[in-house]
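Below are the chains, spelled out letter by letter.
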Amino acid sequence: MAKLKWGMIGGGEGSQIGPAHRLGALADGQFELAAGALDHRADVGREYAQRLGITADRAYGDWQEMLASEKGRDDRIDLVTVATPNSTHFEITKSFLEAGFNVLCEKPMTMTVEEGEEIVKIAEATGKICAVNYCYSAYPMVRQARAMVRNGELGKVRVVVTNFSHGHHGDATDADNPRVRWRYDPAMAGVSGQFADCGIHALHMASFIANDEVKTLSADFASTIASRELEDDAMVNFRMEGGTVGRLWTSSVAIGRQHGFEIQVFGETAGLKWASEQPNQLIYTPVGGRTQIIEKGEGGLHADAQRLSRVAIAHPEGFPLAVANIYCDLADAIRGEVREGLPNAADGVRSMAAVHTAVASAKDGGVWMDARPSIFR
Ligand SMILES: NC(=O)c1ccc[n+]([C@@H]2O[C@H](COP(=O)([O-])OP(=O)(O)OC[C@H]3O[C@@H](n4cnc5c(N)ncnc54)[C@H](O)[C@@H]3O)[C@@H](O)[C@H]2O)c1
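Residues numbered from 1 in each chain as written. Predicted model: local features only at pLDDT ≥ 70, side-chain atom pairs only at ≥ 80, totals over all residues. Heavy atoms only, no water.

Draft legend 1. Quick look at the pattern of salt bridges. Within the structure shown, the criterion is met by 23 salt bridges. Close ionic contact of aspartate 75 with arginine 58 constitutes a salt bridge, the shortest N to O distance being 3.3 Å. A residue pair is termed long-range when its members are at least 10 positions apart, and aspartate 75 in the loop between helix 3 (63–71) and strand 3 (79–83) and arginine 58 in the loop between helix 2 (42–51) and helix 3 qualify at 17 residues. According to the relative accessible area criterion, arginine 58 is buried, its value standing at 4%. (Salt bridge = Lys/Arg side-chain N within 4 Å of Asp/Glu carboxyl O. Helix = DSSP H or I, 4+ residues; strand = E, 2+ residues; numbered from the N terminus. Buried < 20%, exposed > 50% of the residue type's maximum accessible area, 1.4 Å probe, protein only.)

Draft legend 2. Spotlight on the domain arrangement of the chain. For the chain, the domain assignment lists domain 1 (4–135) and domain 2 (137–313 + 345–363). Facing eight residues of domain 1, the contacting portion of domain 2 comprises 13 residues. Contact between domain 1 and domain 2 buries roughly 940 Å² in total, counting both sides, with carbon and sulfur atoms accounting for 50%. Taken together, the connections running from domain 1 to domain 2 amount to two salt bridges. (Domains from an automatic or database assignment. Contact = heavy atoms within 4.5 Å. Buried area = accessible area lost by both parts, 1.4 Å probe.)

Draft legend 3. Structural context of helix 12 (residues 345–363). With 19 residues, helix 12 should cover 27 Å at 1.5 Å per step; its first-to-last C-alpha distance of 27 Å lies within 8% of that length. Looking only at helix 12, the buried set comprises Ala353, Thr357 and Ser361. In a view along the axis of helix 12, the buried residues occupy a sector of 70 degrees, so they form one face of it. Opposite the packed face of helix 12, turned more than 90 degrees from it, sit the exposed residues Ala345, His356, Ala362 and Lys363. Just downstream of helix 12 lies glycine 365, where phi reads positive at about 70 degrees. (Expected span 1.5 Å × (residues − 1). Arc of directions from axis to C-beta.)

Encoded structure:
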């Protein structure tokens, strides 16, 4: 099957989310990176695109140039990812949809509700895909939770409690750092800081698992660091169309919390808990019964969770990235820069010596033995 042609806007060198998109899109050999306008600096973007293997004629200086050129090609891209800062999402997404391209847009999709509604209508009218990168929803055990709710395994969901609270902007002495400051500046971030940045992942997750949509809400926003115009902490209570009660806390000043994205779903007959820092486990407690751990990759998962359990059972979701890091270090080594830490033949033979020594020791009543290969003694 021919590979799908993929283009990227934003996600240039040094960006936060660009590498995740490239790893994700290229992981299964289904897409090839064919075009890109990767950086707000035209020359930097063109140069980096070519280093990533994009041909010079498709390494664009800006997205307008990319749109104009790709529209006219027979081998035009099948999908474009929009991974630029928030304020640009609407215009780029709208323009590519209208030109007949499928789009994956980063969150938040737009800055205003009106813009968002326009995107929904354009996607409907053109019949093109407009996906939004709520990527946490694609963890296998999140899919398991969603399937369990839909299958009635919790009864009706009464309450969903979620939080996405970290402490990485909690240092008031770092509040003027430009990388932090823009997130709380309405001119750059829009109407909301932390809630629009992280809280929306939690809110999407609540709907995604509880199989219900937010109807009304009540929010309490705080800028706990006084120089911030937008909130860095928010508590949002919400009620859903189907009657589910929702509680959401999001914060960027919760010092001591790291990624801090968790969700608990409480139904009539059971409760579930999932946390992004332990994504392989879904904690399930039936009413009156014992708490159980449902593990990614185990037998009997719902089909969607099974389909997405692509890393072998007991291996964490980040496992393929560890393998990718080995290839990275290998590429550097082949090009002449041998990295400290690349496991090598010496490590291999030490392991074998240890195995053989262990076997011998076990046979000999556990006696202590020299486990070094002879070349290292
Ligand atoms: N889904 C998630 O979990 C997740 C995580 C992090 C970031 N994001 C989203 O991804 C987007 C980018 O965030 P980031 O943290 O990678 O930002 P970043 O500042 O690290 O990188 C932005 C990149 O876009 C480029 N860029 C800026 N304007 C451009 C333009 N007009 N045309 C082409 N390239 C342009 C920059 O040169 C840079 O390479 C944001 O909308 C953010 O909310 C989502």
